[in-house]
Amino acid sequence: MKLRSQAFSIFSFLLLVLFFTSCGASSENSTTEIKSYTTQVVDSVMFDRLSRLKLLDYDPNTKELLISDEQTREVFIINEEGEVLLQFNPHVESPAYVGDYDFGWSFYGDDGLVCHGNYYFYQFDKKGNKLARIPYPVETQGLWILDYNPLMIDSYTNKGETEVLAFITEPAGQNYKSQAFQDSSHMMYRMNFETGESNHVMEKQSESVYRTLGKYADRGFSYVTKMKNDRFAQIYSIDSMLYIFDVVENSLVSTIPIPKAFQPEYETIEFGEKGEPERLRVNASLVSTGDYIMISSSGRIPDLVLKEIQGNGGYWFESEEYEAAIKKYMTTNNLLFSQERYLGEVKSGIGTTGYEKISTSEGYFWMRRTYNDERDYQTFLKVKIVEDTNPEKL
């Protein structure tokens, strides 16, 4: 009996050693799967225009870019040869008027456009004719134009019908500096303009920092991008998670932690307390190539440093001190994710670009090239992410 007991103990010990060896190997394999990536230009579109242009959307079926002129506020559709297919101005008095400003545009179905206006959505055909005006699905108590150019409207198909996902920044209800606001205010809405159906989707999850922090850090604006058809990725500025949703089912597909080294850094205040807490590093934007998501984690200039620079007066934003602060604090790390896990950092291999990015489901995304000197043309880049065969320290 004693011999059997010893044999059992030896067997248990061997199993324990095997378990820890196996765990160690798994951890090591997991570590070696983190790779370095870089961006690569696969094509470009040049458009003759002196004033700054903003990317709005891309239609992979027709190979068309939707853009706007930030000076004249005209809207254009161009093809991949840079030829103008549509040019109109919805911000001057005309049958196409949508108000003095808007929150974004998207291609809509095979032959239309949709605009996120002030309290209304507007449908257009591709000739610039306004077809319909649709009120917001919820009352609002404020409208906000946000940093980093987040996606405010996009379309997708559901059983052959075109639907719209829209981001409404401040629905009416609870005071934003309250737990009730974080728990019950919904900002993402799925709408079918033909049937009139609308539902809030992509709510803050129970494990979200906004639901568990117990203090105020910011309003909790949602940043989203479409991956493939009705699947969308979502982040928040101070949350440590990436969320992937099936919008039609309003179901959470996966929750992926952002690596600790790149998680947001911020301060908090008590709910109801005056002032705005400082955020030193935030999740600033995200873009998708269909199967992959890239999150830009960006640093911010501390409030005291910025106030000191602004206190110098004059054109402080052109000062050497401000330039130095940008280089020191406003660093950006681009983080690549699959639908299941973190893959590694992405360094830029394409020179200087603007911050707005347009997702596609075709394995690439679009960006705008920027120049140090003035040009009478603008260049848009089709960009893919590839494994870096010569990785250097980012």
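What you see is a predicted model; the values in this text were computed from it and never measured.

Trainee: Kindly report on empty space enclosed by the protein, identifying the contributing residues and their values.
Mentor: One pass over the full model with this rule turns up 2 cavities of 30 Å³ or more. When its volume is computed, the largest cavity comes out at roughly 70 Å³. Forming the walls of the largest cavity are S185, H186, M187, M188, V201, M202, E203, K204, G220, S222, Q234 and Y236. Looking at the lining of the largest cavity residue by residue, the classes come out as 5 nonpolar, 5 polar and 2 charged. By volume, the second largest cavity amounts to about 30 Å³. Around the second largest cavity, the lining residues are Q182, Y210, L213, K215, Y216, A217, D218 and F271. Grouping the constituent residues of the lining of the second largest cavity by class yields 5 nonpolar, 1 polar and 2 charged.

Trainee: Give a detailed account of the sheet that holds strand 25 (residues 353-359), specifying residues and quantitative values.
Mentor: Taken together, 9 strands build an open sheet; the order of strands is 20-21-22-23-24-1-27-26-25 and the sheet is mixed. Looking at the sheet topology across the chains shown, the edges are occupied by strand 20 (265-266) and strand 25. By the bridge criterion, 4 bridges tie strand 25 to strand 26 (residues 365-369) in an arrangement that is antiparallel. Directly across from S359, in strand 26, lies its bridge partner F365.

Trainee: Outline unusual backbone geometry, supporting the account with residue identities and numerical values.
Mentor: For Y119, which is not a glycine, the phi torsion comes out positive at approximately 80°. Of note, Y119 is situated in the loop between strand 7 (112-116) and strand 8 (120-125). Take Y119: its relative accessible area is 44%, and that puts it in the partly exposed class. Positioned with a positive phi, N229 is a non-glycine residue whose angle comes to about 50°. Along the chain, N229 falls in the loop between strand 16 (222-228) and strand 17 (231-236).

Trainee: Describe in detail the pairing of strand 1 (residues 37-47), supporting the description with residues and values.
Mentor: As paired strands, strand 1 and strand 27 (residues 378-387) are joined by 10 bridges and run antiparallel to one another. Opposite M46, over in strand 27, you have T379 as the bridge partner. Note: strand 1 against strand 24 (residues 342-347), 2 bridges, orientation parallel. Counted as the bridge partner of T38 is K347 from strand 24.

Trainee: Can you lay out the confidence of the model for the chain for me, pointing to particular residues and giving the numbers?
Mentor: For the chain, per-residue confidence averages 89 on the pLDDT scale, and residues scoring 70 or more make up 91% of the total. Counted against residues more than four places away or in other chains, residues 1-30, with its pLDDT under 50, gives 0 contacts.

Trainee: Could you give an account of the environment of D230, with specific residues and numbers?
Mentor: Within the secondary structure, D230 is located in the loop between strand 16 and strand 17. Judged by its relative accessible area of 18%, D230 falls in the buried class. Between the C-alpha atom of D230 and that of K177, which follows or precedes it by 53 residues, the distance is 32 Å. Here D230 is in contact with Y156, T157, F245, D246, V247 and V248, once residues within four sequence places are set aside.

Trainee: Quick rundown of the packing of helix 4 (residues 303-310) against helix 5 (residues 320-329)? Include the residues and the values.
Mentor: Between helix 4 and helix 5, the shortest axis-to-axis distance is 10 Å and the interhelical angle comes to 165°. With respect to each other, helix 4 and helix 5 are oriented roughly antiparallel. For the pair helix 4 and helix 5, the sense of crossing is left-handed. For the pair helix 4 and helix 5, contact is made by V305, L306 and I309 and by E321, Y322, A325 and Y329, respectively. Of the residues in the contact of helix 4 with helix 5, the class split is 6 nonpolar, no polar and 1 charged.

Rules used throughout
- Per chain, residue numbering runs from 1 following the sequence as it is written.
- In keeping with the model being predicted, local features are shown solely for residues with a pLDDT of at least 70 and side-chain atom pairs are shown and tallied solely at 80 or more, while totals for entire chains, interfaces and linings include all residues.
- As a rule here, side-chain values come from all non-hydrogen atoms in the structure, and water together with hydrogens is ignored.
- Using only the protein atoms, space was sampled on a 1 Å grid; points where a 1.4 Å probe fits but cannot get out form cavities, open sets with protein on both sides within 12 Å along at least five of seven lines form pockets, and lining residues are those with an atom within 4 Å of a point.
- Grid points are joined across faces, edges and corners, and a volume is the space filled by probe spheres set on the points.
- In this classification, Asp, Glu, Lys and Arg are treated as charged, Ala, Val, Leu, Ile, Met, Phe, Trp, Tyr, Cys and Pro as nonpolar, and every other residue, Gly included, as polar.
- When DSSP finds two or more bridges between two strands, those strands count as paired.
- Where helices and strands are cited, they refer to DSSP runs of H or I of at least four residues and of E of at least two residues respectively, numbered from the N terminus.
- Exposure is judged per residue with a 1.4 Å probe applied to protein chains only, and the accessible area is read against the type maximum: over 50% gives exposed, under 20% gives buried, and values in between give partly exposed.
- A residue's pLDDT is simply how confident the predictor is in it, with values from 0 to 100.
- The contact criterion used is simple: two residues touch if any of their non-hydrogen atoms lie within 4.5 Å.
- Think of each axis as a best-fit line through the C-alpha atoms, taken over the contacting stretch in the case of a helix, with angles from 0 to 180 degrees between the N-to-C directions.
- Orientation categories follow fixed angle ranges, with anything under 35 degrees roughly parallel, anything over 145 roughly antiparallel, 65 to 115 roughly perpendicular, and all other angles oblique.
- Should the near helix be turned counterclockwise from the far one by less than a right angle, the crossing is left-handed, whereas a clockwise turn marks it as right-handed.

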